[in-house]
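Take a look at the letters that make up each chain.
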Amino acid sequence: MILKGKVFKYPDNVDTDQIIPTPYLNIFVPSLLAPHAMEGIDETFAQKVQPGDIIMAGENFGCGSSREHAPLSIKANGVGCVVAKSFARIFFRNAINIDLPILECPEAVDDTKAGDELKVNLKTRTIENVRTKKTYKARSFPEYIQEIINAGGLMSYLKKEAKHG
Amino acid sequence: MPQTITQKILAKACGKRQVKPGDQIEIKLDLTMTNDVNAPLAIEAFEKSGSKSVFDADKVLFVMDHFSPAKDVDSAEQIKLSRNFAKKYDLTYFFDVGQMGIEHVLLPEKGFVKPGDCITGGDSHACTYGALGAFSTGIGSTDFAYGMATGKFKLKVPETIKVELTGKPKKWVSGKDVILYLIGKIGVKGALDQAIEFSGPGIRNLGIDDRFTIANMVVEAGAVNGIFPVDEVTKDYLEGKVKEKYQVFEPDKDAHYRKTIKINLGLLEPQVAFPSLPENTKPISKIKQRIRIDQVVLCSCTNARLSDLRVAASILKGKEVAKGIRFIVVPATQMIYKQAIKEGLIDVFIDAGCAVSTPTCGPCAGLYMGVLASKEVCLSTGSRNFVGRMGHTQAKIYLSSPAVAAASGVKGYISRP
């Protein structure tokens, strides 16, 4: 699948308190979380983001608490993909588990400016910057993670597992 | 191949003789737990997946601690959802108002954690249990749902960083200072995706509460887990709490470590983490400016254990909190609260002008019970000082030990005991 979207760019160590601030943890309905996504670092994100747009960030994106509300609030805005230099471990798992596409690609993050348009092929993990025409290949995932991605998230994977015993 | 403690426990839990870093494995869980914030998404995922029962009703545990007693209608609804789920699936252990305490303090206290166990927690600070020689790691709601259904967890075996501790901490230096110093040294991604194994003769100079505090914050350096070897201090703590037999794992002599970090506890002084990352640490003697504070909170799974209350009370005894400062004390569990009353610690706090609350995670995560307004400054004994963590995004949060927190509460600015 090829995604095309505009980049919202953020620095290193964006934590889950910034992605979805704690006052909203008494909500777990995705559509109600959506207006508050990234509110702790970018108050206008949810108003500006269009379906298919891409979040780009530095190292350790999603550090801090294990709240799945964080990737869920991003997904609920229709974000096509999150590209970071690296992800905090729990956020990484949560995103994969709820089927929010993520890629690790430090070079692409270094070369990309906020507002750039990217074309992303999730299957081949290639990223193309429309402005610079440069292409990048994101890191591959461990096999068990790729299997969850292929299933469309951990609960779909569980259903499949249950079916095949 | 020689193995680290983490490798040995993971090998046992996936039924192999040995595992090496990078191996993709599936481990059997001895326990999986979550709280009122993360339960609802897990319950939804669990029910949507078509799962009919939990893998073991004794091994799936819920603690209602984050915004419980309910802070508002929405949180009350979430807690009710968890309560109903626990009833429906006949969970043996559901800790609600009156019995609950802060999850990662409560579970060890009630004997749910033993050395060699594999535990996942739907809360990032589940790594706390590593203090007792268990492999324990934080997960999100969907991984928790998978764990409830299957009793399993898939992961990549992490590499291990060794932290070698020598020496004896000076007065007023605690586990909090050790872990803040370590995070300051390696940074908030310094142990990303790795295990941390504590070792060395300095460990015997750390009480069990210090070890809980240290293991609790390894996630702030990005670690999968942090683990302590089991010694007499651990065994004394477990005595009377854990009835079952347990297996103690020791690292092999020539186990491979990604790197070794040496810390002489005798040279450490109290540390303070500046806004807005736990890695922004400074030893207290290097703080030259007078940092005025509006609020002090002695709270959280990091530092609200009995020894934390004792040290704070020893400083506050016969004194008063500085004018204009709000000082909030939240004992982590009912048992700690009761013991603190018995020992007269709560009298000391109230006489000094502190507010004392029933156990809750509330203030540490900005949920309730001490939320900050814009431009306010707070000194917390919690684990995180991120932007907006305890309320307004323009509030500033500093982190310290209970001793520094108590001394600062009396002075009105960040101060050594």
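Residues numbered from 1 in each chain as written. Chains lettered and ligands numbered in written order. Predicted model: local features only at pLDDT ≥ 70, side-chain atom pairs only at ≥ 80, totals over all residues.

Asks: Is there a simple way to explain the interface of chain A and chain B in this structure?
Replies: When the parts of a complex come together, some accessible area is lost, and that lost area is often taken as the interface size. Contacts between the two partners involve 34 residues from chain A and, on the opposite side, 44 residues from chain B. For the side of chain A that touches chain B, the elements supplying multiple residues, two or more each, are α1 (16–19), α5 (89–97), α7 (143–151) and α8 (154–164) of chain A. Top element by residues in the side of chain A that touches chain B is α5 of chain A. It accounts for 5 residues. Within the side of chain A that touches chain B, the residues separate by chemical class into 13 nonpolar, 12 polar and 9 charged. (Contact = placed C-beta atoms within 7 Å. Helix = DSSP H or I, 4+ residues; strand = E, 2+ residues; numbered from the N terminus. Nonpolar A, V, L, I, M, F, W, Y, C, P; charged D, E, K, R; others polar.)

Asks: Looking at this structure, how should I read the pairing of strand β2 (residues 54–57) of chain A?
Replies: Working note: regular strand, side chains alternate between the two faces of the sheet. All names here are of chain A. By the alternation rule, side chains of β2 split into Ile-54 and Met-56 and Ile-55 and Ala-57, which are all buried. Sheet topology note: the strand β1 (residues 2–9)/β2 ladder contains 3 bridges and is parallel. Bridge pairing in β2 links Lys-9 to Met-56. Sheet topology note: the β2/strand β3 (residues 81–84) ladder contains 4 bridges and is parallel. From the neighbouring strand, Ile-54 faces β3, where its bridge partner is Cys-81. Remark: the β2/helix α4 (residues 69–75)/β3 crossover connection has right-handed handedness. (Buried ≥ 20, exposed ≤ 12 C-beta atoms within 10 Å, placed from the backbone. Pairing = 2+ DSSP bridges. Right-handed = clockwise from strand over helix to strand, strands pointing away.)

Asks: Looking at this structure, how should I read the pairing of strand β17 (residues 377–380) of chain B?
Replies: All names here are of chain B. Here 3 bridges tie strand β14 (residues 295–298) to β17, and the two strands are oriented parallel to one another. Paired with Val-296 across the strands is Leu-379, a residue of β17. Here β17 pairs with strand β18 (residues 396–399) via 4 bridges, running parallel. Note that in β18 the partner of Cys-378 across the bridge is Ile-397.

Asks: Mind showing me how you'd approach the environment of Ile-208 of chain B here?
Replies: Residues and elements named next belong to chain B. Take Ile-208: it is sitting in helix α7 (residues 208–216). With 19 C-beta atoms counted inside 10 Å, the residue Ile-208 sits in the partly exposed group. Once the C-alpha coordinates of Ile-208 and Gly-412 are considered, the two residues, 204 residues apart in sequence, prove to be 30 Å apart. Excluding anything up to four places from it in sequence, Ile-208 contacts Ala-131, Val-233, Thr-234 and Tyr-237.

Asks: Would you mind going over the sheet that holds strand β7 (residues 135–137) of chain A with me for this structure?
Replies: Residue and element names in this part refer to chain A. Across the sheet, which stays open at both edges, the 7 strands sit in the order β4-β3-β2-β1-β5-β6-β7 with mixed pairing between neighbours. Two strands in the sheet have a free side with no partner beyond their single neighbour: β4 (102–104) and β7. Each strand of the sheet is rotated relative to its neighbour by a mean of 30°, with strand direction disregarded. (Axes fitted to C-alpha atoms, helices over the stretch in contact; angles between N-to-C directions.)

Asks: How do you make sense of the confidence of the model for chain B when you look at a structure like this?
Replies: Close inspection of predicted coordinates is inappropriate for parts of the model with low pLDDT. Residue and element names in this part refer to chain B. Across chain B, the average pLDDT comes to 98, with 100% of residues at 70 or higher. Ranking the helices and strands of chain B by mean pLDDT puts strand β9 (residues 195–199) first, with 99, and helix α2 (residues 39–48) last, with 97. Two summary scores accompany this predicted model of the complex, namely pTM at 0.98 and ipTM at 0.98. (pLDDT = per-residue confidence, 0-100.)

Asks: Teacher, can you tell me more about helix α12 (residues 402–411) of chain B here?
Replies: In an α-helix, one turn spans 3.6 residues; hence positions three or four apart end up facing the same way. Residue and element names in this part refer to chain B. Within α12, 8 of the 10 residues are buried, which leaves it mostly tucked inside the rest of the structure. Listed as buried for α12 are Pro-402, Ala-403, Val-404, Ala-405, Ala-406, Ala-407, Ser-408 and Gly-409. Packed against the buried residues of α12 are β12 (271–273), β14, α9 (306–316), β15 (326–329) and β17. Just beyond α12, the residue with positive phi is Gly-412, at close to 95°.

Asks: So what exactly am I meant to see when it comes to the packing of α2 of chain B against helix α3 (residues 73–88) of chain B here?
Replies: Angle between the axes and distance between the axes are the two parameters that describe a pair of packed helices. Residue and element names in this part refer to chain B. α3 packs onto α2 with a crossing angle of 45° between their chain directions and a minimal axis gap of 9 Å. Between α2 and α3, the angle falls in the class oblique. Here the hand of the crossing between α2 and α3 comes out left-handed. Each of Ala-39, Pro-40 and Ile-43 in α2 lies in contact with α3, whose residues at this interface are Gln-78, Leu-81, Ser-82 and Phe-85. A per-class count over the contact of α2 with α3 returns 5 nonpolar, 2 polar and no charged. (Parallel < 35°, antiparallel > 145°, perpendicular 65-115°, else oblique. Left-handed = near helix turned anticlockwise from the far one by under 90°.)

Asks: Looking at this structure, how should I read the sheet that holds β9 of chain B?
Replies: Hydrogen bonds between backbone groups are what pair the strands of a sheet, and the pairing can be parallel or antiparallel. All names here are of chain B. The strand order across the open sheet built from 4 strands is β10-β9-β8-β11, with neighbouring strands paired in parallel fashion. Of all strands in the sheet, those with a lone pairing partner are β10 (225–227) and β11 (259–264), marking the two edges. Each adjacent strand pair in this sheet contributes to an overall mean axis angle of 20°, direction not counted. Pairing of β9 with β10, which is carried by 3 bridges, proceeds in the parallel orientation. Directly across from Ala-195, in β10, lies its bridge partner Asn-225.

Asks: Can you help me understand unusual backbone geometry in this one?
Replies: Generally, phi is negative for residues other than glycine and the peptide bonds are trans, each holding for most cases. All names here are of chain B. For the peptide bond that leads from Ser-68 to Pro-69, omega is -5°, which places it in the cis range. Along the chain, Pro-69 turns up in the loop between β3 (60–63) and α3. Following Pro-275, the chain continues to Ser-276 via a peptide bond in cis, the omega torsion being 0°. Tracing the backbone through its elements, the reader meets Ser-276 in the loop between β12 and β13 (281–283). Phi is positive for Lys-375, close to 65°, though the residue is something other than glycine. For Lys-375, the location among the structural elements is in the loop between β16 (355–356) and β17.

Asks: What exactly am I supposed to notice about the nonpolar core here?
Replies: Burial of nonpolar side chains together is a common tendency in soluble globular proteins. Ranked by internal contacts, the top residues of the largest apolar core, which has 194 residues, are Val-82 and Val-83 of chain A. Lining this core are residues from two domains, each supplying at least three of them: domain 1 (5–264) and domain 2 (271–411) of chain B. Excluding anything up to four places from it in sequence, Val-83 of chain A contacts Ile-54, Met-56, Leu-103, Cys-105, Ala-108, Val-109 and Ile-127 of chain A. (Core = buried A, V, L, I, M, F, W, Y, C linked by C-beta atoms within 7 Å. Domains from an automatic or database assignment.)

Asks: Please clarify how the domain arrangement of chain B should be interpreted in this entry.
Replies: Residues and elements named next belong to chain B. Split into domains, chain B comes out as domain 1 (5–264) and domain 2 (271–411). A straight line from the C-alpha centre of domain 1 to that of domain 2 covers 24 Å. Mapped by element, the contributors of at least two residues to the side of domain 1 that touches domain 2 are α4 (103–109), α6 (175–186) and α7. If you tally residues by element for the side of domain 1 that touches domain 2, the top one is α6, at 6 residues. Classifying every residue of the side of domain 1 that touches domain 2 by side-chain character gives 13 nonpolar, 13 polar and 8 charged.

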